[in-house]
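Listed here are the chains, written in short residue letters.
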Amino acid sequence: MNAPVSPKDLYPADLKSCDFEDLKHVPGPVPGGSRTLRTIRFLADPRKMIAEQAEKFGPVFRRQDYMGWGVTLLGPDANELVLFNKDKIFSNKLGWDPVLELVFPNGLMMMDFDPHRQDRKTLSVAFKPAPMKVYLNGLNEGIERRIGKWSRTDSFKFYPAIKDLTLDLAAGSFLGLPWGPEAEKINQAFTDMVRASVAIVRRPLPFTQMRRGVQARAYMCDFFAKEIPNRRGKEGDDFFTQFCNARDEDGNLLGDQAIIDHMNFLMMAAHDTLTSSITSLVYCLGINPEWQEKLREEVDGVRARHGDVLPYEALGELELVEMAFKEALRLVPPVPMMPRRAIKDFEFQGYRIPAGSGVGINPLYTHHMEEHWPEPERFDPLRFTTQMSANRHKYAWVPFGGGAHMCLGLHFAYMQAKAFFFRLLSERRIVLPDGYTSEFWMVPIPRPKDGLPVRMLPR
């Protein structure tokens, strides 16, 4: 499992990128103009640009970006085709590599087929109920400690505050370490790596964001590598120690570099995406105080039955909190778009798409399609009742992906979100400035442009 797998064993030897002629039968923009300017416009407002192109060309259209010529497929049927990937048509690795190869190479999301299945199975040991119960204890303690330091009177920017909190929690759950003086460097390292993923300059030239991202990766690789020998053969309830001792189907340990790559990616995925998602729900509850009160009533009921510390067994009782979290993920999905590359020819909605095409799906667009989400801009957690969910296309809501690449840590994400809002709503009221509305940078991971000014007043 740990030996590198040659691309020729997974992908066709003659696979090549497509050019305009290969896709000229698909509606879409024609060659010409500046690809850089188009990219800048897209990054500034991806939802607007995708909506304009969908209105003009339909749910299948040709595009040109950093992957060369490819197609965008919109809607739940497209999501199902690409994410379920029944016929192994689509490569995650070849889709994500142009974005993440220099900063998060060989993470679980950037693996395909049997190597992905094997590593996913090996890593899943860290997400079983027994360690999850231990993680929750640490989450409860860390959340209570951090929220206790937030001002009870003055306004502060929520996004950087929750980013510090989730990084603090990652130290315990992922590393089993108290956060030391390197915290600020690690926080900046992950920020630099994530921002490098959408840098306009794609080579690590001096003074570029990509150069900062590559240097940040080197720092994190060194950080993890120094610690691995201390974890081999030891017991521990954190992800890192369990990865260092996890064995594959043949009884082999993960190699050092595989552990480094998986830790680097999973810490980013858990830290940055959850920071984004919790921020989105705080914003939604701030502008919808009636829903904030409904969630608080549910939290108070759980506290009355179980006490002031959320036990693992009570997570399922926070049903409305979970529905509100899902609705926030609908409105602002933490991964707004998902790239793949086709390694086989395929057909979709009457169009033949050749192997080598970049293929993009767009959860952000799908999550706002009115035919699946009436009044799509309205915050309504009741969209996620059991009955409502059963009557909706299974792939109309895909914040965690789907199929074999469904997010490995989705239950950890739910648990951490529930632990956070259980504590927050027990003690504080979310108050936004009068008449406030926030705008989000949507890529690479959504974040409020102004940091989300908020007051967390006592109840």
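Refer to the preceding data block for the structure.
Residues numbered from 1 in each chain as written. Predicted model: local features only at pLDDT ≥ 70, side-chain atom pairs only at ≥ 80, totals over all residues. Heavy atoms only, no water.

Looking at the side chain of His 271
Then comes step 1: In this fold, His 271 is placed in helix H11 (residues 256-287).
Then comes step 2: Looking at His 271, the relative accessible area reads 1%, which means it is buried.
Then comes step 3: A polar contact of 3.3 Å, which involves the side chain of His 271, links it to the backbone oxygen of Lys 163.
Then comes step 4: When residues no more than four places from it in sequence are discounted, the contact partners of His 271 are Lys 163, Thr 166, Leu 167, Asn 187 and Phe 190. (Helix = DSSP H or I, 4+ residues; strand = E, 2+ residues; numbered from the N terminus. Buried < 20%, exposed > 50% of the residue type's maximum accessible area, 1.4 Å probe, protein only. Polar contact = N/O pair within 3.5 Å; in protein donor to acceptor, adjacent residues only side chain to side chain. Contact = heavy atoms within 4.5 Å.)

Details of the environment of Arg 378
Then comes step 1: Mapped onto the elements of the fold, Arg 378 is located in the loop between helix H14 (363-366) and helix H15 (386-390).
Then comes step 2: Its relative accessible area of 38% is what places Arg 378 among the partly exposed residues.
Then comes step 3: Placed 51 residues apart in sequence, Arg 378 and Glu 327 show a C-alpha to C-alpha distance of 9.6 Å.
Then comes step 4: Beyond its immediate chain neighbours, meaning those up to four positions away, Arg 378 contacts Glu 327, Arg 330 and Arg 383.

Points about the pattern of salt bridges
Opposite charge on two side chains permits pairing when their charged atoms draw close.
Then comes step 1: Going through the model one piece at a time under the given rule, you end up with 29 salt bridges.
Then comes step 2: A salt bridge links Arg 47 to Glu 377; the shortest N-O distance between them is 2.5 Å. Separated by 330 residues along the polypeptide, Arg 47 in helix H2 (residues 46-57) and Glu 377 in the loop between H14 and H15 bring together distant segments of the chain.
Then comes step 3: In the salt-bridge network here, residues are joined through shared partners; they are Asp 114, Arg 117, Lys 121 and Glu 249. (Salt bridge = Lys/Arg side-chain N within 4 Å of Asp/Glu carboxyl O.)

Observations regarding the packing of H11 against helix H13 (residues 319-331)
Any two packed helices are characterised by the angle at which their axes cross and by the distance between the axes.
Then comes step 1: Interhelical geometry of H11 versus H13 gives an angle of 105° and a closest axis separation of 9 Å. Comparing the axis directions of H11 and H13 gives the class roughly perpendicular. For the pair H11 and H13, contact is made by Leu 274, Ser 277, Ile 278, Ser 280, Leu 281 and Cys 284 and by Ala 324, Phe 325, Ala 328, Leu 329 and Leu 331, respectively.
Then comes step 2: Among the residues making up the contact of H11 with H13, the classes are represented as nine nonpolar, two polar and no charged. (Axes fitted to C-alpha atoms, helices over the stretch in contact; angles between N-to-C directions. Parallel < 35°, antiparallel > 145°, perpendicular 65-115°, else oblique. Nonpolar A, V, L, I, M, F, W, Y, C, P; charged D, E, K, R; others polar.)

Digging into the state of the cysteines
Then comes step 1: Under the criterion given, the structure shown has zero disulfides.
Then comes step 2: Take Cys 407: it sits in no disulfide, and the sulfur closest to it among the cysteines is that of Cys 284, at 20 Å. (Disulfide = S-S within 2.5 Å.)

Topic: unusual backbone geometry
Then comes step 1: Cis geometry marks the peptide bond from Val 443 to Pro 444; its omega dihedral reads 0°.
Then comes step 2: Within the chain, Asn 85 stands out as a residue other than glycine whose phi angle is a positive 50°.
Then comes step 3: Classification of Asn 85 by relative accessible area gives buried; the value is 15%.
Then comes step 4: Even without a glycine there, the phi angle at Glu 375 is positive, about 50°.
Then comes step 5: Relative to the assigned elements, Glu 375 resides in the loop between H14 and H15.
Then comes step 6: Since its relative accessible area comes to 49%, Glu 375 is described here as partly exposed.

Don't take any of this as a statement about function, it's just geometry.
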